[in-house]
Amino acid sequence: MSGEVDEDHGAIPIRGAVPGGRGSGTGRHRTPFNVLRGALNREVRVVLRGGVELRGTLRAYDQFINLHLEDVFRRAEGGEARKYQELFVRGSNVVWVEPARGTEE
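Everything quoted here is computed from the prediction, not taken from an experiment.

What counts, and where the lines are drawn
- Per-chain numbering applies: the sequence of each chain, read as written, is numbered from 1 onward.
- At least 70 in pLDDT is required for a residue's local features to be given in this predicted model, at least 80 for side-chain atom pairs to be given and counted, and no such filter applies to totals for whole chains, interfaces and linings, which use all residues.
- As a rule here, side-chain values come from all non-hydrogen atoms in the structure, and water together with hydrogens is ignored.
- One side-chain nitrogen of Lys or Arg within 4 Å of one carboxyl oxygen of Asp or Glu is enough to make a salt bridge.
- Runs of H or I in DSSP of at least four residues are treated as helices and runs of E of at least two as strands, each being numbered from the N terminus.
- Partly exposed describes any residue whose relative accessible area lies between the buried limit of under 20% and the exposed limit of over 50%, with all areas from a 1.4 Å probe on protein chains only and scaled to the type maximum.
- Strands are treated as partners if at least two bridges between them are detected by DSSP.
- For every residue, the predictor states its confidence as a pLDDT score lying anywhere from 0 to 100.
- Pairs of residues are marked as contacts when any of their non-hydrogen atoms sit within 4.5 Å.
- Fitted lines through C-alpha atoms serve as axes, helices being fitted only where they are in contact, and the angles separating the N-to-C directions of these axes extend from 0 to 180 degrees.

Focus: the pattern of salt bridges
Stage number 1. If you walk through the whole model with that rule in mind, you get four salt bridges.
Stage number 2. As a salt-bridge pair, Glu98 and Arg45 come within 2.9 Å of each other at their nearest N and O atoms. On the criterion of sequence distance, the pair formed by Glu98 in strand 5 (residues 94-99) and Arg45 in strand 1 (residues 43-48) is long-range, its members being 53 residues apart. An identical accessibility class is assigned to Glu98 and Arg45; each is buried.
Stage number 3. Ionic pairing is found between Arg59 and Glu70, a salt bridge with its closest N-O pair at 2.8 Å.

And the structure:
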């Protein structure tokens, strides 16, 4: 990983230098858990192993990135789409999480 923020997706790498992090002069250190904390009760986009994409409201997470999502729209790589009222996602399947477009402050 290059350590740069992917501006197209708003994704923040888990490893490497992060703009706005320590030593950048901004005094702000963004970590994956800071991003998750800021996304609580907001819509997020989650990409899972195998190309599955989820979009729903993040209700809870833990130190393993296990996620509790509500009002979830799931789309598989082949185009199959489903809706779920509530979904629990095992963190080992999560590739990345980002706040959905228009939900950032």
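Next, the rest of the story.
Considerations on the pairing of strand 2 (residues 53-61)
Within a regular strand, side chains alternate between the sheet's two faces.
Stage number 1. When strand 1 meets strand 2, the two strands line up antiparallel, connected through five bridges. Looking at strand 2, one finds that Val47 is bridged to Glu53.
Stage number 2. Inspection of the sheet shows strand 2 paired to strand 3 (residues 67-75) by seven bridges, in the antiparallel sense. Counterpart to Thr57 in the pairing with strand 3 is Glu70.
Stage number 3. With antiparallel pairing between neighbouring strands as the criterion, strand 2 and strand 3 make up a hairpin whose turn holds five residues, including Ile65 at a positive phi of roughly 65°.

Focus: the confidence of the model for the protein
Stage number 1. Overall, the prediction assigns the protein a mean pLDDT of 77, with 70% of residues at 70 or greater.
Stage number 2. Across residues 1-27, where pLDDT falls below 50, the model places 38 contacts with residues more than four positions away in sequence or in other chains.

Observations regarding the pairing of strand 1
Stage number 1. Counting buried residues in strand 1 gives five out of six residues, a clear majority hidden from the surface.
Stage number 2. Between the end of strand 1 and the start of strand 2, which pair antiparallel, lie four residues, with Gly50 showing a positive phi angle near 85°.
Stage number 3. One ladder, built from five bridges, connects strand 1 with strand 5; its direction is antiparallel. Bridging from a neighbouring strand, Val46 pairs with Val97 of strand 5.

A look at the sheet that holds strand 4 (residues 81-89)
Stage number 1. Within the open sheet, the five strands sit side by side as 4-3-2-1-5. Their pairing is antiparallel. Two strands bound the open sheet, and with one partner strand each, they are strand 4 and strand 5. With strand direction ignored, the average angle separating the axes of adjacent strands in the sheet is 30°.
Stage number 2. Contacting strand 1, strand 2, strand 3 and strand 5, helix 1 (residues 32-39) runs over the sheet at an angle of about 90° to strand 2.

Some remarks on unusual backbone geometry
Stage number 1. With a phi close to 65°, Ile65 is a non-glycine residue in the positive phi region.
Stage number 2. Among the secondary structure elements, Ile65 is positioned in the loop between strand 2 and strand 3.

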